[in-house]
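Coordinates in review
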Amino acid sequence: MSLPTHTPVWRIKNSPQDSVVLDFSDDATFALTEEPVPRVEDGDMLVETLYISNDPAQRGWIQKDVLPERLYTAPVHKGDVMATHSIARVLLLKDNTSHGFKVNDLVYCLTAGWRRYAVVKTDPSSCLPVMYASAFSWCYAADLTRVPENVSPTAALGLFGVPGFTAYYGLRDILKLKEGESLIVSAAAGAVGNVVIQYAKKVIKAKKVIGIAGSDEKCQWIKELGADVALNYKSDTFPQDLIDATSDFVDAYFDNGVVLDQVIPRIKQHGRIAACGAISGYNKDVGKPTMGSTWIEVVTNRLSIQGFVVLDFMFPKDGSNRVATEAFPDIAGALQRGDITLERAEDIAEAPFVDIPKVWGRLFTGANTGKLVTKLAFSA
C-alpha cells in the first residue's frame with residue numbers, strides 16, 4: 001500500500017479554565033487540522049494509530065495557565081497536539097537493528113498523540129530493559145513499548161498499562177492494604193477502580209471491599225467483580241447507605257474523586273487514604289470536594305493522606321524496573337488464575353477520527369464502564 005503523506009491532527013485551540021468545549025465553535029477546546037506527515041529519518045518509525053487511551057488525567061494536562069512545575073508531566077499548551085497513549089501499527093521504519101521492530105508490529109506509543117499517522121523515535125538510548133513475565137513479553141521504552149501478544153492489544157492501555165499499575169501500587173505501596181482489612185473505592189467502575197476492587201478482594205484478600213459508582217448498573221457490575229457492597233453515590237439514600245455499610249468504619253480509602261467529603265468520617269483512626277485522582281473536580285459543572293467540614297476528621301482521627309503518581313513507580317529515579325519484577329508478573333498471574341478478569345472491563349468505542357474528543361468527553365459524564373478506549377474507524 002502507498003504510505004500516507006498527510007494526517008488529521010487534533011490540537012489545543014483554547015486551553016480550558018473550567019469545562020472543556022467539545023464542538024467546532026470559536027470556544028472549542030480542540031481544533032482539527034490536516035498536516036503533512038514528517039519525513040522518516042534514521043531511527044524513526046512511521047506508525048498508524050489504531051487505539052487511543054482516554055484518561056481523566058489528560059484534563060489536567062491541558063488546564064489553562066497551569067504551572068509546569070506543579071504537573072508530573074509536560075503540560076499540553078494552546079497549539080500543541082493533544083497528548084495521549086495509544087496502540088499503533090508500524091508502517092515504515094529505518095534502522096531497526098537495535099529494537100527488532102518490524103513493519104506491521106503493534107506498538108505502545110507515548111508520543112503519537114491525537115494523530116492518525118505519526119513519526120516516533122526508536123532511539124536505543126531511550127529504551128529500558130526488556131521485560132519477561134510468565135507468558136508475557138514486552139519492551140518498555142521512553143517512546144514506545146511492545147504489546148503483549150497473548151492478550152488483547154487494548155489491555156496494554158488498561159490492565160497492563162497505567163490504570164492497572166496505578167491500582168497495584170496504590171494498594172501495595174501507598175495504602176499497604178493487608179489481608180483482613182477493609183477498603184472503600186470510589187469511581188469503582190472506572191479503569192483504575194475496577195482493578196482495585198478485584199485485586200483487593202481476590203489477591204490481597206481484604207475482609208470487606210465497598211465500591212462506589214454512579215449508577216445501579218455499575219454497582220451490579222462491581223459486585224460481580226468481587227465488591228462486598230456497592231453504593232450508588234447519585235442515590236438519594238447514599239449518605240445513609242454509606243453509614244450503614246461502614247458501621248465498623250474502614251481501614252483504608254482508595255480515592256478516585258467524587259465522594260471524599262462523605263468518606264473521610266467513615267475511616268478508622270489511623271486510617272489511610274490513597275489520593276489517586278479527582279474525576280469530580282476536572283470541570284466546573286461537576287461537584288468538587290470542599291474538605292471544609294471534614295478536615296477536622298483528618299486531624300482528630302490521625303488519618304494519613306498520600307497522593308501518588310504511578311509514573312514514579314513505572315520509571316523510578318534509581319533506574320530499577322519495578323513493573324517488570326513486581327506489578328506485571330503479579331497482575332499477569334492474577335489474570336491467569338482468574339482472580340482478575342478483563343471481561344466487560346474495557347469499553348471499546350469505535351469512532352471516526354473526527355469524534356475523538358467526543359469519546360474522550362464521555363469520561364466526565366459517567367458514560368463509560370471500565371477502561372474507555374477509542375478504536376479508530378477507517379473509511380473505505
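Here the residue numbers are simple positions, counted from 1 along each chain's written sequence. Local features in this predicted model are restricted to residues whose pLDDT is 70 or higher, and side-chain atom pairs enter the listing and the counts only when it is 80 or higher, whereas totals over whole chains, interfaces and linings include all residues. The side-chain values count all of the structure's non-hydrogen atoms but skip hydrogen atoms and water molecules.

Let us look at the packing of aromatic side chains. Pairs were defined over the aromatic rings of Phe, Tyr and Trp, the Trp ring being its six-membered one, requiring ring centres within 6.5 Å. Orientation was assigned from the angle between planes: stacked under 30 degrees, edge-to-face over 60, tilted for the rest. Throughout the structure, instances matching the rule amount to 10 aromatic pairs. Taking the centre distance of 4.9 Å and the plane angle of 50° together, the rings of Phe30 and Trp114 count as tilted. Here Phe30, found in strand E2 (residues 30–36), pairs with Trp114, found in the loop between strand E5 (106–109) and strand E6 (117–121); they are 84 residues apart in sequence, far enough to count as distant. Buried, partly exposed and exposed residues are distinguished by accessible area as a fraction of the type maximum, computed with a 1.4 Å probe on protein chains only: under 20%, between the cut-offs, and over 50%, respectively. Relative accessible area serves as the criterion here: at 3%, Phe30 is assigned to the buried category. Taken together through their ring pairs, the aromatic side chains of Phe30, Trp114, Trp360 and Phe364 make up a single cluster. Only DSSP runs of H or I with at least four residues qualify as helices, and only runs of E with at least two residues qualify as strands; both kinds are numbered from the N terminus onward.

Under the 1.5 Å per step criterion, the end-to-end length of helix H2 (residues 162–174) is only 16 Å for 13 residues, more than 12% shorter than the ideal 18 Å. With 10 of 13 residues buried, H2 is to be regarded as a mostly interior element. Phi for Lys176, located one or two positions after H2, is positive at around 50°. Here the expected span of a helix is defined as 1.5 Å times the quantity of residues minus one.

Counting 49 residues, the largest nonpolar core has Phe160, Phe165, Leu171, Leu183 and Phe254 as its most contacted members. Listed by contribution, the elements that provide at least two residues to this core are H2, strand E10 (182–185), helix H3 (193–203), strand E11 (208–213), helix H4 (216–225), strand E13 (250–255), helix H8 (311–314) and helix H9 (322–337). Among the elements that make up this core, the one with the highest residue count is H9 (7 residues). The criterion is simple. A nonpolar core is a set of buried Ala, Val, Leu, Ile, Met, Phe, Trp, Tyr and Cys residues joined through side-chain atoms within 4.5 Å. In this structure, Trp61, Ile62, Trp114 and Phe364 belong to the second largest nonpolar core, which totals 20 residues.

With that out of the way, let us pick up the packing of H3 against H4. For every element, the axis is a line fit to its C-alpha atoms; helices are fit only across the contacting stretch, and the angle between N-to-C directions ranges from 0 to 180 degrees. Relative to each other, H3 and H4 sit at 35°, their axes nearing to 9 Å. In this structure, H3 meets H4 at a crossing whose hand is right-handed. For the pair H3 and H4, the contacting residues are Asn194, Ile197, Gln198 and Lys202 in the first and Trp221, Ile222 and Leu225 in the second. Partitioning the contact of H3 with H4 into residue classes produces 4 nonpolar, 2 polar and 1 charged. Here is the rule for handedness: rotate from the far helix to the near one, and if that takes an anticlockwise turn smaller than a right angle the crossing is left-handed, while a clockwise turn gives right-handed. Whether two residues touch is decided by their heavy atoms; if any such pair falls within 4.5 Å, the residues are in contact. We call Asp, Glu, Lys and Arg charged. Ala, Val, Leu, Ile, Met, Phe, Trp, Tyr, Cys and Pro are nonpolar, and the rest, Gly among them, are polar.

The subject of this paragraph is the pattern of salt bridges. Just to be clear on terms, a salt bridge is a Lys or Arg side-chain nitrogen sitting within 4 Å of an Asp or Glu carboxyl oxygen. Counting across every chain of the model gives 14 salt bridges. Measuring nitrogen to oxygen at the nearest pair gives 2.9 Å for the salt bridge that ties Lys201 to Asp228. Note that Lys201 is positioned in helix H3 and Asp228 in the loop between H4 and strand E12 (229–232), a separation of 27 residues in sequence. Taking the shortest distance from any N to any O, the salt bridge between Asp251 and Lys268 comes out at 3.3 Å. Highlighted residues: Asp251 in strand E13 and Lys268 in strand E14 (residues 267–275), separated in sequence by 17 residues. A relative accessible area of 31% places Lys268 in the partly exposed class. Residues joined by salt bridges that share partners form a network here, namely Asp173, Arg322 and Glu326.

As a further point, take unusual backbone geometry. One non-glycine residue with positive phi stands out, namely Phe249, at about 65°. Here Phe249 is to be found in the loop between helix H5 (238–245) and E13. Judged by relative accessible area, Phe249 falls into the partly exposed class, the value being 35%. For His270, which is not glycine, the phi dihedral falls at a positive 65°. Relative to the assigned elements, His270 resides in strand E14.

For Asp55, the position within the fold is in the loop between strand E3 (44–53) and helix H1 (57–61). There is a polar contact of 2.6 Å between the side chain of Asp55 and the side chain of Lys371. In this view, Asp55 contacts Pro163, Trp360, Leu363 and Lys371; residues no more than four positions away in its chain are not counted. Pairs of N or O atoms are called polar contacts if they sit within 3.5 Å, as long as, within protein, a hydrogen donor faces a hydrogen acceptor (for residues adjacent in sequence, only side-chain-to-side-chain pairs).

Exposure above 30% relative accessible area and the absence of a salt bridge qualify a residue for a patch, where like charges join within 9 Å and nonpolar side chains (Val, Leu, Ile, Met, Phe, Trp, Tyr) within 5 Å. Surface accessibility in these figures is a Shrake-Rupley result with a 1.4 Å probe; residues are shielded only by whichever protein chains are displayed. Taken together, the side chains of Trp295, Ile296, Val299 and Ile305 make up a nonpolar region of the molecular surface, amounting to roughly 390 Å² of accessible area. When you line up the elements, Ile296 lands in helix H7 (residues 295–300).

This paragraph deals with the sheet that holds strand E15 (residues 304–307). Adjacent strands of a sheet form backbone hydrogen bonds with each other and so pair up, either parallel or antiparallel. One open sheet accounts for 6 strands, arranged E12-E11-E10-E13-E14-E15; its pairing is parallel. Sheet topology places E12 and E15 at the edges, where each strand pairs with a single neighbour. Averaged over all pairs of adjacent strands, the angle between their axes in this sheet comes to 15°, without regard to strand direction. Here E10 pairs with E11 via 4 bridges, running parallel. If you follow Ile184 over to E11, its bridge partner there is Ile210. Against the sheet, H5 makes contact with E10, E11 and E12, and its axis sits at roughly 165° relative to E12, the strand it touches most. Whether two strands pair depends on DSSP finding at least two bridges between them.

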